[in-house]
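Summary of structural features
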Amino acid sequence: ETGVTQTPRHLVMGMTNKKSLKCEQHLGHNAMYWYKQSAKKPLELMFVYNFKEQTENNSVPSRFSPECPNSSHLFLHLHTLQPEDSALYLCASSLDRDSRGYTFGSGTRLTVV
Amino acid sequence: AQTVTQSQPEMSVQEAETVTLSCTYDTSESDYYLFWYKQPPSRQMILVIRQEAYKQQNATENRFSVNFQKAAKSFSLKISDSQLGDAAMYFCAYRSGNDMRFGAGTRLTVKP
């Protein structure tokens, strides 16, 4: 356990469903991130939150909606997804501009049917 | 935009032998950090080793070491005395500020 907890670990949802992914860290980090990991592709940065403010939205479709109520929690709300959205969604956190890299969660394996 | 390239999708090494994973990157920044992450089947991305671009000395962490060639924008990972537990996906990453970019990964197999 690295200190970044993601739930659920697995999620299967239909294209008309609405679900949310949760990420939580109590490491005192002030930046949190959502990444999408698809097979044989580099990790894709989706969203960056710094001190609860969204600082980057990497051209992500609006069917993905992030929420950061405080610096310890990050959500990714999902609605009307497509089968190509099936992937591993990784959350990470870090200290702002810190050299030590990111701390990752174990991800949520999402399957859209 | 910064890009990170890992040219070896898969690598294999015999247990107790040494293997080197390649990584190149493209940037116009002078101040940045480089990382190697390991992702075993448990899916947890684990930091293996990191290098500050301003440091000339190559980083070392036990059996893991890097060959950092700043001018060539190359950052390879050497794993010595490979162990079965080293089998995983390895990702090279570049960070400048809050922007972390990853390569596509190299799957390392360790043969007993």
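Fair warning: this is a prediction, and the values are worked out from it, not measured in the lab.

Considering unusual backbone geometry
Of the consecutive residues Thr 7 of chain A and Pro 8 of chain A, the connecting peptide bond is found in the cis state with omega at -10°. By the secondary structure assignment, Pro 8 of chain A is in the loop between β1 (4-7) and β2 (10-13). One non-glycine residue, Asn 62 of chain B, lies in the positive phi region at around 55°. Classification of Asn 62 of chain B as exposed rests on a relative accessible area of 75%.

Quick notes on the state of the cysteines
Evaluated as defined, the whole model comprises two disulfides over all chains. Disulfide partner of Cys 23 of chain B: Cys 92 of chain B, at an S-S distance of 2.0 Å. Since a negative S-S torsion denotes a left-handed disulfide, the Cys 23 of chain B-Cys 92 of chain B link at about -70° is left-handed. Here Cys 23 of chain B is found in the loop between β3 (19-21) and β4 (24-26), whereas its partner Cys 92 of chain B is found in strand β10 (residues 88-96), with 69 residues between them in sequence. For the pair Cys 23 of chain B and Cys 92 of chain B, a shared accessibility class is recorded, and that class is buried. Here Cys 68 of chain A is not cross-linked by a disulfide; its sulfur's nearest cysteine counterpart is in Cys 91 of chain A, at 9.1 Å.

Remarks on the confidence of the model for chain A
Interpretation of this model should avoid reading the predicted coordinates in detail wherever pLDDT is low. Of the residues in chain A, 96% have a pLDDT of 70 or more, and the chain-wide mean is 90. Taken element by element, the predicted model of chain A shows its lowest mean pLDDT in strand β6 (residues 53-57) of chain A (76) and its highest in strand β3 (residues 18-25) of chain A (97).

Some details on the interface of chain B and chain A
On the side of chain A, 32 residues touch chain B, which itself brings 21 residues to the contact. Summed over both sides, the interface between chain B and chain A buries roughly 2,100 Å², with carbon and sulfur atoms accounting for 45% of that surface. Put simply, chain B and chain A have zero salt bridges between them. Here the residues of the side of chain B that touches chain A sort into nine nonpolar, six polar and six charged.

Examining the sheet that holds β1 of chain A
Residues and elements named next belong to chain A. Strand order across the open sheet formed by four strands is β1-β3-β8-β7, with antiparallel pairing between neighbours. Only two strands of the sheet have a single neighbouring strand rather than two, namely β1 and β7 (64-70). For this sheet the average axis-to-axis angle between neighbouring strands, irrespective of direction, equals 15°. Of the pairings in the sheet, the one linking β1 to β3 comprises four bridges and is antiparallel in character. The residue of β3 that forms the bridge with Thr 7 is Lys 22.

What to know about the nonpolar core
Membership of the largest hydrophobic core comes to 25 residues, with the highest contact counts inside it found for Tyr 25, Trp 36, Phe 75, Leu 77 and Tyr 90 of chain B. Mapped by element, the contributors of at least two residues to this core are β3, β5 (33-39), β6 (46-52), β8 (64-69), β9 (74-79), β10 and β12 (106-111) of chain B. Looking at this core element by element, the count peaks at four residues for β10 of chain B. Counting 22 residues, the second largest nonpolar core, distinct from the first, contains Trp 34, Leu 81, Ala 87 and Leu 110 of chain A.

Parameters at a glance
Residues numbered from 1 in each chain as written. Chains lettered and ligands numbered in written order. Predicted model: local features only at pLDDT ≥ 70, side-chain atom pairs only at ≥ 80, totals over all residues. Heavy atoms only, no water. Helix = DSSP H or I, 4+ residues; strand = E, 2+ residues; numbered from the N terminus. Buried < 20%, exposed > 50% of the residue type's maximum accessible area, 1.4 Å probe, protein only. Disulfide = S-S within 2.5 Å. pLDDT = per-residue confidence, 0-100. Contact = heavy atoms within 4.5 Å. Buried area = accessible area lost by both parts, 1.4 Å probe. Salt bridge = Lys/Arg side-chain N within 4 Å of Asp/Glu carboxyl O. Nonpolar A, V, L, I, M, F, W, Y, C, P; charged D, E, K, R; others polar. Pairing = 2+ DSSP bridges. Axes fitted to C-alpha atoms, helices over the stretch in contact; angles between N-to-C directions. Core = buried A, V, L, I, M, F, W, Y, C linked by side-chain atoms within 4.5 Å.

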